[in-house]
Every structure is written in structure tokens, then in C-alpha cells.
Amino acid sequence: MTRLFCQENSEVLRLDAKVLEARPGAVLLSRHPFYPGGGGQLPDRGIVRWHGGEVPVAGFSEEGDAVWIRLSGGIEITGEVQAEVDPVFRQLMRELHTDLHVLNALVFRDFDGALVTGVQMNEDGTARIDFDLPDADNDRLRALEPELNDIVARDLAVEASHVCVTAAQGEKGLLRSRSVAPPPSSEGLIRIIEIATLDRQACGGTHLDSTGASRPIRILKIENKGRYNRRVRIGLRGV
Ligand SMILES: [Zn+2]
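Predicted, not measured: the structure shown is a model, and the values here were computed from it.

**Q** Please clarify how the nonpolar core should be interpreted in this entry.
**A** Burial of nonpolar side chains together is a common tendency in soluble globular proteins. In this structure, L103 and V107 are the most contacted members of the largest nonpolar core, which totals 34 residues. Counting only elements with at least two residues in this core, the list comes to α2 (87-110), β7 (116-121), β8 (126-132), α4 (145-154), β10 (189-195), β12 (217-225) and β13 (229-236). Among the elements that line this core, the one with the most residues is α2, at 9 residues. Contact partners of L103, with chain neighbours within four places excluded, come to I129, F131, L144, L148, V232 and I234. Within the second largest apolar cluster, 20 residues are counted, among which are L29, Y35, V48 and F60.

**Q** How should the pairing of β10 be read in this particular structure?
**A** The two faces of the sheet receive side chains in turn, since in a regular strand these alternate between them. Across the 7 residues that make up β10, a large majority, 5, are buried. In this structure, strand β9 (residues 158-164) lies alongside β10, joined through 7 bridges in antiparallel fashion. Bridge pairing in β10 places H162 opposite R191. The pairing of β10 with strand β11 (residues 199-202) spans 4 bridges and is antiparallel. Bridged to I195 within β11 is D199. The turn joining β10 and β11, which pair antiparallel and follow one another in sequence, is formed by 3 residues; a positive phi near 70° is taken by T197.

**Q** How should I be thinking about the sheet that holds β9 in this particular structure?
**A** Either a parallel or an antiparallel arrangement is found when strands of a sheet pair, and the pairing is made through backbone hydrogen bonds. Spatially, β9-β10-β11 is the arrangement adopted by the 3 strands of the open sheet, whose pairing is antiparallel. Here the strands that pair on one side only, and so sit at the sheet edges, are β9 and β11. Strand-to-strand twist across the sheet, computed as the mean angle between neighbouring axes with direction ignored, equals 30°.

Criteria and cut-off values
Residues numbered from 1 in each chain as written. Predicted model: local features only at pLDDT ≥ 70, side-chain atom pairs only at ≥ 80, totals over all residues. Heavy atoms only, no water. Core = buried A, V, L, I, M, F, W, Y, C linked by side-chain atoms within 4.5 Å. Buried < 20%, exposed > 50% of the residue type's maximum accessible area, 1.4 Å probe, protein only. Helix = DSSP H or I, 4+ residues; strand = E, 2+ residues; numbered from the N terminus. Contact = heavy atoms within 4.5 Å. Pairing = 2+ DSSP bridges. Axes fitted to C-alpha atoms, helices over the stretch in contact; angles between N-to-C directions.

Here it is in C-alpha cells:
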């Protein structure tokens, strides 16, 4: 897949663009700031403005490397537009996504490199992450909450970089999901998210620039989901 603008510029929420192609209720833009969803992160919300008004984004359709932006109401627009991400929603996703990396790092460290089997972030400020942890003690998982918040408070830098697929496969712990790896870019690169001194893992979503930009986290619930999966639900305080 082509690299997304939001992956390199997750703080840039508004872009001027040209409509390259239009259909009723959808546009293909020369550029846009949206994250179209994937990897457990919800698609961005936002609006597209043009000379005649503005319309909410209804979703995204990925066709090959192209991301079509679906527009509410079947509207058809052409020419110069401005695309803008909903800042509150993007911030929520960046916080939850970064906090899940922190939790994932601690579980990977403390539970013999346990891998992830599923992730879902929610619009209500909660998220869940499933681990392949057939024998884990739930109290030990629950006891990670103070360290999670300590890492948030330490405000560790979060940075993105890219490595080639072969290097990614050769670096232990970089591919953290048991079944799916992020797709390489068209240049054959895998995107890496590094939390300074804590964690490196392949990921394609949008994250905070540092952990301190997250609200504190609570571990809400730990459930057994089947024989192997342990589901940890987290929530942002104050949401
Ligand atoms: Zn991520």
C-alpha cells in the first residue's frame, strides 16, 4: 500500500486538495489527511469543504492504492476542496493506539513474548487487545496498570521509521501480531513505531508524538476469550 499522509504527519488535520475523480457520494483527492481505518483503529471522521459548502465524510473505500472518500448524502463535488479531520476523534484514536502499544510492550516483556491476536479501539474511549496467553494469571495482568500510567507520565518519545521486509522479519519482537503483519509499502518497507527505551513494533496507524499526551489509563476488565485468548480492556480516564 502507498504511505498515507497521516502516517508521517498525524498532527496535520487540514489539507487543501484537488478532486482527481468524482462519483456521486465519493471523491478521490490529490491528497488528504485521513486515516481510513485498519489494524483495529477506527476510520477518521471529518468533513470535505468546497466553494458550495461542506459535507461530512461517511467513510473510506480502498481500491488498490487509492483511498476514495465517501461523502454523506450522495453529493458529487469537483474542483478545489479542503479536507479536515475531526480533531477530537483523531486525538482519541492516537491516545488509545499509543496506550495499546505500551500495554503490548509490557505484556510482551512480562509474559514470555506473548503475541497479539486482535485489537479494537472504540469511539467511547475504550479499547481491547487480545493476547495469546493460555496460562496467564489475570491478577498479574491487572497489576500492570500503575506501570502503564508511569510510562504515560514519563512522556517517552514516539517515533516512526521504516525498515525493509527482510529486516523486519529478522528482528525479534518487531512483528507482534500472531496472524497478521502490516502490509509493506509499495517500496517494500514496513513501518515501525518506536517508543523510546520501551518498544519497537510494526504498525500502520496514527500515534501520539509522546506518551505524555495521553490521558491516564485504567484496565477495565480482563476476560478469557476461548482457550488461548486473554482480552484486556482499557479505558481513558475522563472520557
Ligand atoms: Zn500502532
